[in-house]
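Chain by chain, the residues:
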Amino acid sequence: MTRAILHVDMDAFYASVETLDDPGLAGKPVIVGGTTGRGVVAAANYEVRKFGVHSAMPMGEALRRCPQAICIRPRMSRYQELSRQVFEIFHEYTPVVEGLSLDEAFLDVTASLRLLGPAEGMALRIKRDIRRHTGLTASVGLSQNKLLAKIASDLNKPDGFCRIGADNLRAVIDPLPIQRLFGVGPKTLVRVQAAGIRSFGDLRQASDETVWRLFGKEGATMRARAAGIDDRPVIAERDEKSISAEETFAQDIRSQTQLLAHLTQLVDRTGARVRAAHLMAGVVTLKIRRSDFATFTRQQTIEPATHDTATILSVAKGLLQGWRAEYPDWSVRLLGVGVSHLNPATQGDLFAGETIKNARQDAAVDQIRQRFGAKVIVRGGLLPTPAADTKARRGRA
Amino acid sequence: MKLTVEREKLLAPLQAVIGVVERRQTMPILANVLLAVRDGRLLITATDLEVELVAATEVSVQQAGDITVPGRKLLDILRALPEKLAVALSAEGDKVVIKAGRSRFSLSTLPATDFPVIEDINAQQKVRVVRKELRRLLDKTHFSMAQQDVRYYLNGMLMEIDGKALRAVATDGHRLAICETELPAKAAASQQVIVPRKGVLELQRILEGEGEVELAIGTNHVRAQIGDIRFTSKLIDGRFPEYGRVIPPTPPHAVKADRDVLRQALQRTAILSNEKYRGIRITLRTNVMTVQAHNPEQEEAEEEIEVNYAGADLEVGFNVNYLLDALSAIDGAEVEVGLTDGNSSCLIRSPGSAAARYVVMPMRL
């Protein structure tokens, strides 16, 4: 069966995150990297790339090419935080997510096609969700395997989308320079080019003898790759040991009502992922970071394991209220919900009718969100009440 | 408070109520039993705030009074004394002294006024039911109650009064048991209450003998006097799911089998099922049922059973424990299993009888 594979690549990730956090950087050449003498460019935004600066370049050379570039030391924990948020979005579409780095992942959405519709639609919604949730842009490639999906994501950067299908396959990959083919390292490259092979098309049409001479027993595979064939499966990182979602608030929150509203949203997303992965959760963990950065976790076992949002929410609410009773006057800057002790859902539920009123609701909400976007449908508790509105307005005055 | 009594006459009522005293308490006084002495009688009360048991016994009263003492320690002392010994209890200062033969024990006490007693339950309805019948209802269903389920309303038994019928329903979300009996007289009002798990188990323990028992049902409690023991349980304040919706009315494919043959075959096959999930696969062809199990170690068991079946070929998976629980509770030599398809629940009962029915949801195998 033909697979649907996405390669999602965040655009100039570190540099984009820095610009997100400091909008004053927008439009200016930005380099993220070590600022000491032997520093290296970790990331370069599109403005500075015009000067020929790219990642892995020594900082000294980068600054020679663009003396007016703004250099910023990397903040890994911040990039990790945003990467987590982006990967959470991936997991709302499929559990088969193979992360290559903080800003790159393969997604196998073949199994999601029936429920979530055509892969192209999914790809565009993923881009949109990433932008809405994090403010960052990504480029997505869609094709039937990893090789082509990754080539595709590169063809239309930044904030792009590209599909390679049977109709445009040859036209797109034949002209590509042979060094883009993975499996061709620097030493092999020299020999390959010496043999007159400079592009994918050249390798695809090379003789058996040449291929054997250059690649040995890997030859057939390499030529197949040059033709766009790649059987490597997308490997989900690990059996999901836990699924979580967290949110750092733009402003510390003291109001219980508002905290509950954010909690509901986090549980919604977590529940959707548990169901998408056909799992049942046995433990709920709540993470709370106070305004003074003290971080607390509270856990509770759910017996029996569940994938029902309402059940997880009632447990999470209880944990939050318990914490609040201990620390009634503190503001919260981060809230996180996680579920663990995940097991495959094989045993049927009798009250999949009652809990199905919940599950059907959950499934309907899942479907509506996948088709029209996460923000289209919202649990009632999240809508601002008149009191909250007034407070907010007073705050601004 | 001062009394004398024969050891057995004190031991029996204490043993009847001690089950309610939890081994670990939230409040110290819950480890104690309340001794209320007056008018030639001793009332012993034990409680865990959810279920309360009061047992009465005749004693020689030298001085009336109320006091509480550690229940399990009192029980252990009485159990360890020789038979038929006369035992004297008296409150002395802040202790209760127990004298029997040449032994003397002094136990710490807590004031009787601190002991939480469930007084008036505001009974709105009183229903008389034959003891044997009530016992049967509980015996046939209690194993299906949930335990520590986050859906707290499932951690108990639904008792439904419906005209002249009394129904008990228990479910843990995966399987359901329902049993029904006829009341001697039509009840005044239809009502549904959920008796917590602990209450059901204690009631089962003390419900013996012949005759009838009167269940008094209040807004938050149910109470029953059974011989010398008064049982009171809080009711679970929650909404029990609509069980009627999940009982398949007429499953299209019905299998009839010898109950023991089926039960034993399932027991044998289950040995090689996954220890945690206990899944077995049932395949049906005309007059043959095959049960099959395998585990993560790649070990396998398979057995063919002769059955009475004339429906379509069918394959469905179940947690074998749920099936065995139901089969053990069914009376009679034959059992009827009603099936629909691999994704729907099955209905297990004694052929032709609607009294006790069992519904089990399948597993995806």
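The structure we're discussing is the one just above.
Residues numbered from 1 in each chain as written. Chains lettered and ligands numbered in written order. Predicted model: local features only at pLDDT ≥ 70, side-chain atom pairs only at ≥ 80, totals over all residues. Heavy atoms only, no water.

1. Comments concerning the pairing of strand β19 (residues 279-285) of chain B
On any regular strand, side chains alternate: one points to one face of the sheet, the next to the other face. Residue and element names in this part refer to chain B. Put simply, the rule is: By this definition, two strands are paired if DSSP reports at least two bridges between them. Only DSSP runs of H or I with at least four residues qualify as helices, and only runs of E with at least two residues qualify as strands; both kinds are numbered from the N terminus onward.
Sheet analysis places β19 next to strand β22 (residues 314-319), joined by six bridges and oriented antiparallel. Residue pairing across strands places Ile282 opposite Val316, the latter belonging to β22. With five bridges connecting them, β19 and strand β20 (residues 288-294) associate as antiparallel partners. Within β20, the residue paired with Thr283 across the bridge is Thr290. Connecting β19 to the antiparallel partner β20 that follows it, the hairpin turn spans two residues, and Asn287 within it adopts a positive phi of roughly 60 degrees.

2. Focus: the sheet that holds strand β18 (residues 253-258) of chain B
All names here are of chain B. Keep this limit in mind: Interaxial angle, 0 to 180 degrees, is taken between N-to-C directions of lines fitted to C-alpha atoms, where a helix line uses only the stretch in contact. Residue contacts follow a heavy-atom distance rule, with two residues in contact if any of their heavy atoms lie within 4.5 Å.
Spatial ordering of the open sheet is given by β14-β11-β12-β13-β25-β24-β23-β18, a layout of eight strands whose pairing is antiparallel. Across the chains shown, the open sheet's two edge strands, defined by having one partner strand only, are β14 (191-196) and β18. Neighbour-to-neighbour, the strand axes of the sheet open up by a mean angle of 20 degrees, direction not taken into account. As judged from the four bridges shared by strand β24 (residues 346-349) and strand β25 (residues 356-360), these two strands associate in the antiparallel manner. The residue of β25 that forms the bridge with Arg349 is Arg357. Sheet strands in contact with helix α5 (residues 259-270) are β18 and β23 (334-339), and its direction is about 90 degrees off that of β18.

3. Here we look at the pairing of strand β13 (residues 175-182) of chain B
Residues and elements named next belong to chain B. Filter applied, for reference: Accessibility here uses a 1.4 Å probe with only protein chains present; expressed as a share of the type maximum, an area under 20% marks a residue as buried, one over 50% as exposed, and anything in between as partly exposed.
Of all eight residues making up β13, six are buried, and the element is well covered by its neighbours. Pairing analysis gives seven bridges linking strand β12 (residues 165-171) to β13, with the strands arranged antiparallel. Its bridge partner being in β13, Ala170 is matched across the sheet by Ala177. Bridge analysis of β13 against β25 gives five bridges, and the strand direction is antiparallel. Paired with Leu176 across the two strands is Val359, which belongs to β25.

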